[in-house]
Amino acid sequence: MGIQGIGASVARKEDRRFITGAGRYTDDMVVPGMMHAVFVRSPHAHATLGKIDSAEAEDMPGVIAVLTGEQLKADEIGNLICGWAISSKDGAPMNMGEWSPLAVGKVRYVGDAVAVVVAETRAQARDAAEAVMVDYDELPVVVDALEALKEGAPQVHDNAPGNLIFDWEIGEKAATEQALAGAAHVTKMQIRNNRLVPNAMEPRAALAKYDRAEDHFTLWTTSQNPHVARLVLSAFYNVAPENKLRVIAPDVGGGFGSKIYIYPEEIVCLWASKRTGVPVKWVAERTESFLTDAHGRDHLTEVEMGFDANNRIVGLKVDTIANLGAYMSLFSSAVPTYLYATLLSGQYVIPAIHANVRTVYTNTAPVDAYRGAGRPEATYLLERMMETAARELGVSPAELRRMNFIREYPYQTPVIMCYDAGDYEASLDAAMKAADWDGFPARRAEAEARGKLRGIGMSCYIEACGIAPSAAVGALGAGVGLWESAEVRVNAVGTVEVMTGSHSHGQGHETTFAQLVSDRLGLPLDQVNIVHGDTDKVQMGMGTYGSRSGAVGMSAIAKALDKVETKAKKIAAHLLEADEGDIVIEDGHCKVAGTDKQVPWFQVALAAYTAHNLPDGMEPGLKEGAFYDPSNFTFPAGCYICEVEVDPETGKTDVVQFVASDDFGNIINPLIVEGQVHGGLAQGIGQALLEDTAYDASGQLLTASYMDYAMPRAADLPSFNVGTTVTPCPSNPLGIKGCGEAGAIGSPPALINAVTDAIGVRDLTMPASPRRVWEALQAKA
Amino acid sequence: MYETTYHRPASVEEAAALLAANPDAKLLAGGQTLVPTMKQRLAAPSDLVDLRHIAALRGISSEGGRIIIGAATPHAEVAGDATLRAACPGLADLAAHIGDPHVRYMGTLGGSIANNDPAADYPSAMLALGATIHTSKRDIGADDFFTGMFETALDEDEIIIAVSFAPPERAAYAKFPNPASLYAMTGVFVTKGSAGVRVAVTGAGSDGVFRQAEMEAALSADFSPAALDGITVSPEGLLEDLHASAAYRASLIKTMARRAVAAA
Amino acid sequence: MAKLEMTVNGRKVSRVVDDRTLLAHFLREDMQLTGTHVGCDTSQCGACVVHVDGKAVKSCTMLAAQASGAQVTTIEGLSSGADLHPVQRAFNEHHGLQCGFCTTGMIMASVDIIARHGGDLDEATVRAELEGNICRCTGYHNIVKAVLAANAEMHGASQAAE
């Protein structure tokens, strides 16, 4: 198709507003009479909440209200919920503790919201928030998941004895133990997946406006899924019925998962705007984001992998403890279970797998999905194991992987997933070629001459995107369906608006989705507008997360386009006095195939709306909607190779080469896909090299700003060498697999495998900070 | 930030009078540390006395064999000054790597040394260069100026006018940045000049910047990286935090010192 | 209260603001120039970078009062109408932005980098010079590419990006 259709590297349509400063983010919104909210937050990680004295604060300049949890309860605002019910292996339901949007009775982590001050200016609200006197009776604190499970540990929630939320398993325990017992070699490791703070550059924000005359709310919020926000705010938090609540997620400055969830602040702003009668805006300061955005990862795992005498994997046994923090965030339960353990077969034939997962409460920020969500944890585990096993077995890490690859599809793993397509060897070969794998020894020798330790590591990842089908995830406990919606509205002049339930917060939907329409209808890109992020404009949709917008969101658009085309062809056939089956749509025309008879697209659209001359019985208009529910997950996969140089004197690691070879199925816009990979790699390399989230024993977050939390900067990263191989996805009409998370999923083990190769150690905990690497070298010496 | 009152004096005298009249006032130089500290409500000066518009505090010159740098000279100007680069490239290089480009346009030498942040770069240079700090009241030698973490010999109402030093024969700075803040996790400034060899360490000491006597002795005998081989830096009295233990900092001191000597 | 007289994007403005008002907030809230963003409170992310008297500074680390008397240029003043500054154009062409939040500060910083280096730029220098700007979306790859491409265009450098 044309230069702007599927497969074209089109520069983004939406960029113009961002590069000129005309993007409109939530904090840019101003409504008349708007006031500012600042939250009073607990400085203690665990305490009984006593008296809240707000008298002084209420008298301060500009302050119109100080509101607390007791008032919120009196107004019957609901507790926050976790929307995915997971049962323990004994059948017991998960132990979900109460999470009030403003704490009642007890605070459970540093940053827990206790009260909110509403004032004329942000500075006044902040001044007054400091004057709210709160009595806390401090309780013992637990921050580490392993400690939390020990007898006598402080109890975070009364209804979760021993701080255990659930004790879940998947796979065949007896068969796995038997396989390991008979294995010729067993590799064992303890692996920690470090806790991360998502750090979208736009801090979370909310602006709530209550219209008394209409008894109607409008919420502007930094959300990845405004419809889900509206549903949850209505159905569970009792803020307002859906028809009385409009949720708008305007330009959103990154999410990476952290803006999926509905947080206390949005609920409180909505409630406070009704209570005070003024629009209320809250914008997080970065430190608030560190304290209260849902964190990611934080697993501790004991793992064993068995091999037969021919180095084929015979079994994998995994025992994971996942720290979910002080409260169960919206999808927290699904991350260390169905998004994690179902990927434990990786790219390999593993006859027997068993995974046990215990989720635990601690006095830390809630943990939920962060870019990759469960799949990075599974990949890190497997790929550290494969690399370590190869070293123990004395075989090439590439060859150990190669001989264990799955090669026939569909492939049913022992852990639910059924892979539909892939070619892992193609990715491996492409990556090794791009990385000049064979030339590594020479590069290592050259580095050694400069006093540097050079190492190489690889990772072969698989992940699952486009979580689906709805009935299947429903059976596994999901509280929502995971389909997507679209509406294609052809205007009377032939231009097109697409209402999508997906949400773009950096992914470039306004371009990619338009490319699909351009491709199908032969229209220039500027005649196609993508509309998203507003519950008043767009039909119910599920939003953007889990690399689903292409595979699921665009499939919905494709389905709606099918219907539009069918109707347009009927109209064109009628106008051209031809057979409907002979009509093709191309180059902005409806044509009778094999003839020179044609009618411009805009005339077909106009005919639909004038309705002067339509086929008998046809309704006027040209607008169709579709809901697409995937038939299976999609399975992006690939191979990453990382090369590092370590300075043995300082322990500093430089990433000197990073190669990514991904199979995302069909690709709409290579420029945007590469950008997604770059960003994912930076976050994965960040996890492996720089980022760590540390609490002290009293539950204070030690890494609560960029002074202490090491964000990847330009000089920390190399330019990336990215490429793709293609096996189209058979499970959706466009053959798309998804690309949003792969980089973050596949890269951490490649980097740690490279660093351990460089410095000659077996175990190294992420991140490979200069201190850790230096200490590992000292311990070795 | 808490409420405050901003003043923009045109002379050092006017600034000194404002300081004297407002006991809770603070001098505002580039503001690259003070403003963030105020934003976090960790400082609450009643008044801010902006020094950026006092011409006498700005500029770099060479007089009587000494280099003089005005206290309100921003890092970017120090980094780019031809006179300084010819006389002491090590100091110009240090200035070129403080913070980031935006900070370097605003941050000043005087602001840095008056704050004496244990992770700041300039204090090590002043100490190693044996610089003199000229204030509104007196001249203070660098050895007497830095008195502890965030502590200096300055009186409450004293204003730094300039610093001066005799250009050394050789000087260089090597730092290892904190991976998060990019401040010096350990930085070492070495000089060799008429006053002998001086080695000053920043970012590592729990009392702020300090001189490393053992290294000075070794380098006085032989100003080469190898001269430091036999020295073991004790971790005692060194900072401990998330990103570096005292032992790691001790090792970094030696490594950075070797690299500074090699570069000098 | 502080009385401000400054030139913002070529227009003279006069305002009275609270002394504690940061330049970033003055621009966003008093001037409605919301292209300048605030992404952290420790002066590290660089989303707030504007030019004050031609130099790229963090507007979250400067009081509005400190900028009185200065010429301030924000992202909104970098180009006008349908025209784009070469750096803006390069960010678009090379996909140097995703969510757009850090982008405005990133572009203002990049313009300053290119001006300061007078055409003499390479990848390592660009990466080092972007020390004060954090992006979470792009992995910097395409930002670096865009800066080098804009530099080549502005200085007619023969070496193209990448």
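**Overview of the interface of chain C and chain A**
Quoted interface sizes are often the accessible area lost when the parts come together.
At step 1: Contacts between the two partners involve 46 residues from chain C and, on the opposite side, 53 residues from chain A.
At step 2: Of the roughly 4,000 Å² buried at the junction of chain C and chain A (both faces included), carbon and sulfur atoms supply 53%.
At step 3: Together, H95(C), Q98(C) and R136(C) form the three largest contributors to the area buried by chain C at its contact with chain A, with a combined 20%.
At step 4: If you look at where chain C meets chain A, you find four salt bridges.

**Considering the pattern of salt bridges**
When charged atoms on two side chains of opposite charge get close, those side chains can pair.
Residues and elements named next belong to chain A.
At step 1: Under the definition given, this model contains 82 salt bridges over all chains.
At step 2: The shortest N-O distance in the salt bridge between D27 and R122 comes to 2.9 Å. Here the residue D27 occupies a position in the loop between α1 (15–19) and β1 (35–41), and R122 occupies one in helix α4 (residues 122–131), the gap between them amounting to 95 residues.
At step 3: According to the relative accessible area criterion, D27 is buried, its value standing at 17%.
At step 4: In this structure, R230 engages E242 in a salt bridge whose closest nitrogen and oxygen atoms are separated by 3.9 Å. In this pair, R230 sits in helix α7 (residues 226–235) while E242 sits in the loop between α7 and β11 (245–248), placing the two residues twelve residues apart along the sequence.
At step 5: The exposure class assigned to E242 is partly exposed, which follows from its relative accessible area of 30%.
At step 6: Linked through salt bridges whose partners overlap, the residues forming this network are D436, R443, E446, R450, R454, E643 and E645.

**A look at the domain arrangement of chain B**
At step 1: When its domains are assigned, chain B resolves into domain 1 (1–50) and domain 2 (170–263).
At step 2: Just the C-alpha atoms count here: the centres of domain 1 of chain B and domain 2 of chain B sit 33 Å apart.

**Here's the deal with the side chain of N116(B)**
At step 1: Looking at where N116(B) falls in the secondary structure, it is placed in the loop between α7 (109–115) and α8 (122–129).
At step 2: Within polar-contact distance, the side chain of N116(B) engages the backbone oxygen of G148(B) at 2.9 Å.

**Some details on the sheet that holds strand β4 (residues 60–63) of chain B**
Residue and element names in this part refer to chain B.
At step 1: The strand order β4-β5-β10-β6-β7 describes an open sheet built from five strands, whose pairing is antiparallel. Only two strands of the sheet have a single neighbouring strand rather than two, namely β4 and β7 (139–141). Neighbour-to-neighbour, the strand axes of this sheet turn through a mean angle of 25°, independent of strand direction.

**Quick look at a negative patch on the surface**
At step 1: Residues D53(A), E56(A), E58(A), D59(A) and D135(A) make up a contiguous surface patch of negative charge.
At step 2: Looking at the element boundaries, D135(A) is found in strand β6 (residues 133–138).

**What about the layout of surface pockets?**
At step 1: Approximately 1,300 Å³ is the volume found for the second largest pocket.
At step 2: Lining the second largest pocket are 45 residues, and of these A715(A), H97(B), K175(B), P177(B) and E131(C) sit closest to its centre.
At step 3: Sorting the residues of the lining of the second largest pocket by element identifies β27 (653–663) of chain A, α3 (75–80), α5 (89–96), α6 (101–106), β11 (170–177) and α11 (246–263) of chain B together with α4 (123–129) of chain C as the ones contributing at least two each.
At step 4: Partitioned by chemical class, the residues of the lining of the second largest pocket number 24 nonpolar, seven polar and 14 charged.

**Regarding the domain arrangement of chain A**
Residues and elements named next belong to chain A.
At step 1: Considered domain by domain, chain A is made up of domain 1 (15–20 + 483–628), domain 2 (31–139 + 202–253 + 259–292) and domain 3 (299–467 + 632–780).
At step 2: Relative placement of domain 1 and domain 2: their C-alpha centres are 40 Å apart.
At step 3: Between domain 1 and domain 2, the contact holds 16 residues from the first and 17 residues from the second.
At step 4: Surface buried jointly by domain 1 and domain 2 totals about 1,400 Å² across both partners, of which 54% is contributed by carbon and sulfur atoms.
At step 5: Looking only at domain 1, the three residues that lose the most surface to domain 2 are H503, H505 and T535, adding up to 37% of its buried area.
At step 6: Here domain 1 is connected to domain 2 by three salt bridges.
At step 7: We note a salt bridge from R246 to D536, for which the minimum N-O separation is 3.5 Å.
At step 8: Summed over the shared surface of domain 1 and domain 2, the result is ten residue pairs in polar contact (both at pLDDT 80 or more).
At step 9: Residues of the side of domain 1 that touches domain 2, tallied by class, amount to five nonpolar, eight polar and three charged.

So, how was this worked out
Residues numbered from 1 in each chain as written. Chains lettered and ligands numbered in written order. Predicted model: local features only at pLDDT ≥ 70, side-chain atom pairs only at ≥ 80, totals over all residues. Heavy atoms only, no water. Contact = heavy atoms within 4.5 Å. Buried area = accessible area lost by both parts, 1.4 Å probe. Salt bridge = Lys/Arg side-chain N within 4 Å of Asp/Glu carboxyl O. Helix = DSSP H or I, 4+ residues; strand = E, 2+ residues; numbered from the N terminus. Buried < 20%, exposed > 50% of the residue type's maximum accessible area, 1.4 Å probe, protein only. Domains from an automatic or database assignment. Polar contact = N/O pair within 3.5 Å; in protein donor to acceptor, adjacent residues only side chain to side chain. Pairing = 2+ DSSP bridges. Axes fitted to C-alpha atoms, helices over the stretch in contact; angles between N-to-C directions. Patch = residues over 30% accessible without salt bridge, like charges linked within 9 Å, V, L, I, M, F, W, Y side chains within 5 Å. Areas by Shrake-Rupley, 256 points an atom, 1.4 Å probe, with all protein chains shown as cover. Lys, Arg positive; Asp, Glu negative; His and termini not counted. Charge placed at Lys NZ, Arg CZ, Asp CG, Glu CD. 1 Å grid on protein atoms, 1.4 Å probe; cavity = no way out; pocket = protein on both sides within 12 Å on 5 of 7 lines; lining within 4 Å. Points joined across faces, edges and corners; volume = space filled by probe spheres on them. Nonpolar A, V, L, I, M, F, W, Y, C, P; charged D, E, K, R; others polar.

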